[in-house]
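Listed here are the chains, written in short residue letters.
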Amino acid sequence: MAIRNLSFRLASLKNMIAGRYLLVFFVLVLSFTTVWSQTKSQLQKEKEKNLAKIKEVEGILSQTTARKKNTLGELNALNQRIRVQEKLISSIQGEVNLLDNDINENTDIIDALEEDLAELKKEYAAMLYAAQKANNSVTKLTFLFSAASFDQFIMRLRYMEQYSATRKIQAEQITKVQVELTAQVNEIKLKRTEKTLLLNEELKESNNLTNFKQKQNSLVNTLAKEERSLKKDLEETRKAIARLDKLINDLIKEEMARAAKETKSSDAVALSSSFAENKSKFPWPVNGFVSQKFGKQYHPVLKGIVLQNDGVNIQCKEQEKVRSIFDGEVRQVAYVQMFGGTIIISHGEYYTVYAGLKDIQVKKGDKVKARQEIGSIQANTEGVPELRFQIRKNTTALDPQTWLQNL
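This is a predicted model, so every value here is computed, not measured.

This part takes up the overall build of the chain. Within the chain one finds seven helices and twelve strands. Counting every position in the chain, which comprises 407 residues, the buried fraction comes to 39%. Taking contacts inside the chain between residues at least 6 apart in sequence as the whole, the part at least 24 apart equals 76%. Of the roughly 22,900 Å² of accessible surface on the chain, 53% is carried by carbon and sulfur atoms.

If you want it as structure tokens, here you go:
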């Protein structure tokens, strides 16, 4: 009976050892499979994307400033630079938060491993003491051959084998836990070093942001002193917008009147349907940033002045290539005072408008493909290279940013 009890205790001990180590293993697995809102890879890609945007905006800003200082174009570029800078800092903060979560998890794992290691060592010491005590009281052979029967002899032999095997398992588990504990300690050191580097990077970028905001405030104050000149420019711009709108509306109304007299061709219907199906997938017509959004917004300097935009203004570098966003037919090529060359392309019942061009490469009646170059950007009267881009469904103006790819 005593031998059977000892065998049962040995089996329980082996199960307990294996169970404890499995528990630690599952804690480790869960720590690596936890789903975060953003992975490290995603955050690093976002940071790289923001750094690329910063480089692009820096080029636009430096070119705009070199042509003519203290302009709305310079202010728009500076505002965009600040927005991208804030996104960059946000992505760095996301990486720091992710590392904090990882460090906390590593700390919890280390605590659990240290606790298990202490228990394993305590149990192993007890087993060694029991073995030593048994060896001191009676030899193994005496223990075996003092059995009352052959069955008891076999049972004692198995007990001794199990006891030896359990001690070996116990030693192996201690070694495994010690190795894992060392790995976790080293990993947490690396993550703390990485966090320190990120915090230094965040501090540097935050200082840059502060400098840009100071420049922004200074430029706004400078432009505010030129209120009369700004209002004059605004009035001229509104007149130019009215001329552009008349050109667009007259053309579209002519197209609609002609279409009403004719049976719609299957090609036109298919093109309209295809255009609609590609909403939010269209490529941007030019590389740059949105300097003025669709709809109504306040003037960036003049108080109480509301601007209305039937498209978006995309500020970019001079000579930047302009591309058609979709297959279509050139319905108009014209010159609009103050805005320069203007192209209107039909896509069935949809139209895209590109104003602010030079070196126009298409003519009325030409068939164009998506991403085909149709001209390049020229600087406006303020020396700011800017594309005025519109999307219309017949005469209804649509917000281009809801139709273009989300960059």
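Next comes the rest of the account.
Moving on: a negative patch on the surface. Taken together, the side chains of Asp 108, Asp 111, Glu 114, Glu 115 and Glu 119 define an acidic patch exposed on the protein surface. One can find Glu 119 in helix α3 (residues 72-137). With a relative accessible area of 33%, Glu 119 lands in the partly exposed category.

Turning our attention to the pattern of salt bridges. Note on pairing: side chains with opposite charge can pair once their charged atoms come close. The full count for this structure, using the stated rule, is 17 salt bridges. Among the ionic pairs, Glu 255 bridges to Arg 331, the shortest N-O distance being 2.7 Å. In this pair, Glu 255 is assigned in helix α6 (residues 227-261) and Arg 331 in strand β6 (residues 328-336), connecting sequence segments 76 residues apart. Each member of the pair Glu 255 and Arg 331 is classed as buried. Of the charged contacts, one joins Lys 358 and Glu 318 as a salt bridge, the two residues approaching to 3.7 Å between their closest N and O atoms.

Moving on to a positive patch on the surface. A contiguous patch of positive charge, built from Lys 49, Arg 83, Lys 87 and Lys 293, is present on the exposed surface. Assignment of secondary structure puts Arg 83 in helix α3.

Attention now moves to the side chain of Glu 202. Residue position: Glu 202 is located in helix α5 (residues 150-224). At 3.0 Å, the side chain of Glu 202 forms a polar contact with the side chain of Gln 93. Ignoring sequence-local partners within four residues, the contact set of Glu 202 consists of Ile 89, Ile 92, Gln 93 and Val 96.

Now for the packing of aromatic side chains. Summed over all chains, the structure comprises eight aromatic pairs. Ring geometry for Phe 275 against Phe 282: centres 4.5 Å apart, planes inclined by 35 degrees, an arrangement best described as tilted. Taking relative accessible area as the criterion, Phe 275 reaches 0% and is therefore assigned buried. Phe 282 gets classed as buried once you look at its relative accessible area, which sits at 2%.

With that out of the way, let us pick up the environment of Gln 297. Positionally, Gln 297 belongs in strand β2 (residues 295-298). Along the sequence, Gln 297 and Gln 308 sit eleven residues apart, while their C-alpha atoms lie 6.8 Å from each other. Not counting residues up to four positions away in its chain, the partners in contact with Gln 297 are Gln 292, Ile 305, Val 306, Leu 307 and Asn 309. Among the polar contacts made by the side chain of Gln 297, one reaches the main-chain carbonyl oxygen of Lys 293 at a distance of 3.1 Å. At 2.7 Å, the side chain of Gln 297 and the backbone oxygen of Gly 295 are in polar contact.

Right, let's get into α6. Taking 1.5 Å per residue as the helical rise, α6 with its 35 residues ought to reach 51 Å, and the 51 Å between its terminal C-alpha atoms agrees with that figure. Taken together, the buried positions of α6 are occupied by Leu 230, Leu 234, Thr 237, Ala 240, Leu 244, Asp 245, Ile 248, Leu 251, Ile 252 and Glu 255.

What counts and how
- Residues numbered from 1 in each chain as written.
- Predicted model: local features only at pLDDT ≥ 70, side-chain atom pairs only at ≥ 80, totals over all residues.
- Heavy atoms only, no water.
- Helix = DSSP H or I, 4+ residues; strand = E, 2+ residues; numbered from the N terminus.
- Buried < 20%, exposed > 50% of the residue type's maximum accessible area, 1.4 Å probe, protein only.
- Contact = heavy atoms within 4.5 Å.
- Areas by Shrake-Rupley, 256 points an atom, 1.4 Å probe, with all protein chains shown as cover.
- Patch = residues over 30% accessible without salt bridge, like charges linked within 9 Å, V, L, I, M, F, W, Y side chains within 5 Å.
- Salt bridge = Lys/Arg side-chain N within 4 Å of Asp/Glu carboxyl O.
- Lys, Arg positive; Asp, Glu negative; His and termini not counted.
- Charge placed at Lys NZ, Arg CZ, Asp CG, Glu CD.
- Polar contact = N/O pair within 3.5 Å; in protein donor to acceptor, adjacent residues only side chain to side chain.
- Phe/Tyr/Trp six-rings, centres within 6.5 Å; stacked < 30°, edge-to-face > 60°.
- Expected span 1.5 Å × (residues − 1).

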